[in-house]
Amino acid sequence: LRHGVLVEDGESHDAIRRAMNPALHRRMLGGYVEAMWRCADQVMDGWHGGGVFDMLVEMRRVALLILTETLFGVDFTPDLRRLWPGVLRAVRYISPGPWVVWRGLSHQGYDHNLRLIDDYLYRIIAQRRAEDYAGRDDMLSLLIAGGMDDDLIRDQLMTMLIAGHDTSTASLAWALYLLGANSDAQARARAEVDGVLAGEPPQPSQLGDLVYVGQVIDETLRLYPPIHLGSRVAAQDLEFQGYRIPAGQRVLYSIYLTQRHPDYWPDPARFDPERFAPGVRHEPYTYLPFGGGPRNCLGAAFAQVETKVVLARILQRFGLELMKDNVHPHMGATLEPAPGVKVRVRQR
């Protein structure tokens, strides 16, 4: 990720974040809704009624198409098949491993795949520079207009392409797993979608009325937060609850365990969207799916809208039957369902 916003510190991080913020601001999200459901439709058009599909794979396709169309302003469809292995390889590259505690450990066998993605990113940067990008409000155009050089823009696009799509992939796959495993919740969510949308594609003004779908998403993020841990480096010597933490020490904290702590979450392993019913309040810093503080997730609002739009569109078009319930969390770049989420889809 080189100088990507995810791994930069201090003023450099703040400056990059300021440059990226406008494309992810809440006022922009309404303009992304149509692209979100169209990308979902594009993938679902390949689902044949009665077929079994791995939702981890299918939601990755959806998330990649949405991210590149909305934030890069490009159609990723012609490059999806060619770059698919490279995307998976890049996700594996940033997944937790021995490098977390052994910083000098090198990664082997990744250069070719990462170079393919680099070539793609530099190509779309060059194409956009050659176009009239004035007045365009996608992230790629804004970064060019802001005066960033190609290398720094590449670093932000790589960060969004890999870290940005993988979080949405995981949260959507987990939500579909939980809806498949809980037929009552699936029926209630579908009834709400049918009542609010009346068979039409989601509109920005309708998303606030999908209250129960939002509760399902919030509870999914509680049980299976895609970013399941946080990592910081102590800027100075610290004392915390009897522990001495020297300056420069890496500190990890578990979002996953915090959101399942029995002191704050009764029967914490149970899927219960009513925990997030309107009016329910939770202790501060017990629910952290997007982190907290000045380095909270840059794309939190984007991800919440995306997940709601895609889930609503899927429930509109298909019934979901979970084929296997032997799914467990796998700690990759995100907390993803392994060995996948096999679902039989039935056209409505």
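Residues numbered from 1 in each chain as written. Predicted model: local features only at pLDDT ≥ 70, side-chain atom pairs only at ≥ 80, totals over all residues. Heavy atoms only, no water.

1. Things to note about the environment of Lys324
Here is the rule we go by: Put simply, DSSP H or I for four residues or longer makes a helix, DSSP E for two residues or longer makes a strand, and each gets a number counted from the N terminus.
Within the fold, Lys324 resides in the loop between strand S6 (318–322) and strand S7 (328–331). With 18 residues separating them in the primary sequence, Lys324 and Lys342 have C-alpha atoms 6.5 Å apart.

2. Notes on the sheet that holds strand S9 (residues 342–347)
Keep this limit in mind: In this analysis, strands are considered paired if DSSP registers two or more bridges between them. Note on geometry: axes are lines fitted to C-alpha atoms, helical ones only across the stretch in contact, with angles between N-to-C directions running from 0 to 180 degrees. Residue contacts follow a heavy-atom distance rule, with two residues in contact if any of their heavy atoms lie within 4.5 Å.
Taking strand neighbours across the sheet as the criterion, the three strands line up as S1-S9-S6 in an open arrangement whose pairing is antiparallel. Among the strands making up the open sheet, the edge pair consists of strand S1 (52–54) and S6. With direction set aside, neighbouring strand axes in the sheet form an average angle of 40°. Two elements, S6 and S9, share five bridges in a ladder whose sense is antiparallel. Residue pairing in the sheet places Gly319 in a bridge with Arg346 of S9. This element, helix H12 (residues 300–317), spans S6 and S9 of the sheet and lies at about 95° to S6.

3. Details of the nonpolar core
What counts here: Only buried residues count toward a nonpolar core, which is a set of Ala, Val, Leu, Ile, Met, Phe, Trp, Tyr and Cys residues joined through side-chain atoms within 4.5 Å. In this scheme, a residue with accessible area under 20% of its type's maximum is buried, one over 50% is exposed, and one in between is partly exposed, where area comes from a 1.4 Å probe on protein chains only.
Of all hydrophobic cores here, the largest spans 97 residues; its most connected members are Trp47, Met55, Met59, Leu71, Phe72 and Leu121. A total of 15 residues in this core trace back to one element, the largest contributor, which is helix H8 (residues 150–181).

4. A word on unusual backbone geometry
The phi angle of most residues is negative, glycine excepted, and most peptide bonds adopt the trans form. In the segment running from Ala338 into Pro339, the intervening peptide bond is cis, with an omega of 5°. For Asp267, which is not glycine, the phi dihedral falls at a positive 45°. If you trace the backbone, Asp267 turns up in the loop between helix H11 (255–258) and H12. Residue classification places Asp267 among the partly exposed residues on the basis of a relative accessible area of 45%.

5. Examining the state of the cysteines
Stated formally: Cysteine sulfur atoms that come within 2.5 Å of each other are treated as a disulfide pair.
All chains considered together, the criterion is met by zero disulfides. No disulfide involves Cys39; its sulfur sits 19 Å from the nearest other cysteine sulfur, which is in Cys297. Exposure remark for Cys39: the relative accessible area of 2% places this residue in the buried category.

6. Quick word on the pairing of S7
As judged from the four bridges shared by S7 and strand S8 (residues 335–338), these two strands associate in the antiparallel manner. Bridge pairing links Pro329 to Pro337 in S8. Where S7 folds back on S8, the antiparallel hairpin that results is connected by three residues.

7. Focus: the side chain of Thr159
Within the element layout of this structure, Thr159 appears in helix H8. According to the relative accessible area criterion, Thr159 is buried, its value standing at 4%. Residues within four places of Thr159 in sequence aside, it is in contact with Leu1, Gly4, Val5, Leu6 and Gly164.

8. A look at helix H3 (residues 33–44)
Spelled out, the test is: Expected span of a helix: the number of residues minus one, times 1.5 Å.
Along its 12 residues, H3 runs 17 Å from first to last C-alpha, staying within 8% of the 16 Å computed at 1.5 Å per residue. Tucked inside the fold, the buried residues of H3 contact helix H2 (26–29), helix H4 (55–72), H12 and S6.

9. Points about the packing of helix H6 (residues 111–130) against H8
Where we set the bar: Should an angle lie under 35 degrees it is considered roughly parallel, over 145 roughly antiparallel, and from 65 to 115 roughly perpendicular; all remaining angles are considered oblique. By convention the crossing between two helices is left-handed if the near helix lies anticlockwise of the far one by an angle smaller than a right angle, and right-handed if it lies clockwise. Classification convention: Asp, Glu, Lys, Arg as charged; Ala, Val, Leu, Ile, Met, Phe, Trp, Tyr, Cys, Pro as nonpolar; all other residues, Gly among them, as polar.
Between H6 and H8, the shortest axis-to-axis distance is 10 Å and the interhelical angle comes to 120°. In terms of axis orientation, H6 runs oblique to H8. The handedness of the crossing between H6 and H8 is right-handed. On H8, the residues that touch Ile117, Asp118, Leu121, Tyr122, Ile124, Ile125 and Arg129 of H6 are Asp150, Asp151, Ile153, Arg154, Leu157, Met158, Leu161 and Ile162. Taken together, the residues of the contact of H6 with H8 break down into 10 nonpolar, no polar and five charged.

10. What to know about the pattern of salt bridges
Spelled out, the test is: Here, a salt bridge means any side-chain nitrogen of Lys or Arg that lies within 4 Å of a carboxyl oxygen of Asp or Glu.
Going through the model one piece at a time under the given rule, you end up with 28 salt bridges. A salt bridge links Arg128 to Asp138, with the nearest nitrogen and oxygen atoms 2.9 Å apart. Here Arg128, found in helix H6, pairs with Asp138, found in the loop between H6 and helix H7 (139–145); they are 10 residues apart in sequence, far enough to count as distant. Its relative accessible area of 3% is what places Arg128 among the buried residues. Take Asp138: its relative accessible area is 6%, and that puts it in the buried class. Here Glu274 ties to Arg188 by a salt bridge, and the two come within 2.8 Å at their closest N and O atoms. Of this pair, Glu274 sits in the loop between H11 and H12 while Arg188 sits in helix H9 (residues 183–197), placing them 86 residues apart in sequence. What makes Glu274 partly exposed here is its relative accessible area of 35%. According to the relative accessible area criterion, Arg188 is partly exposed, its value standing at 43%. Within the structure, one salt-bridge network assembled from shared partners comprises Arg2, Asp118, Arg154 and Asp155.

11. Side note on the side chain of Arg260
Note the cut-off: Here Asp and Glu are counted as negative and Lys and Arg as positive; His is not counted, and neither are the chain ends.
Within the secondary structure, Arg260 sits in the loop between H11 and H12. Look at Arg260: it is buried, it has no salt bridge, and the nearest opposite charge is Glu219 at 8.4 Å. Beyond its immediate sequence surroundings of up to four residues, Arg260 is in contact with Arg222, Leu223, Tyr224, Trp265, Pro268 and Ala269.

12. A closer look at the environment of Asp41
Mapped onto the fold, Asp41 is located in helix H3. Non-local contacts of Asp41, meaning those with residues more than four positions away in its chain, are made with Arg313 and Arg317.

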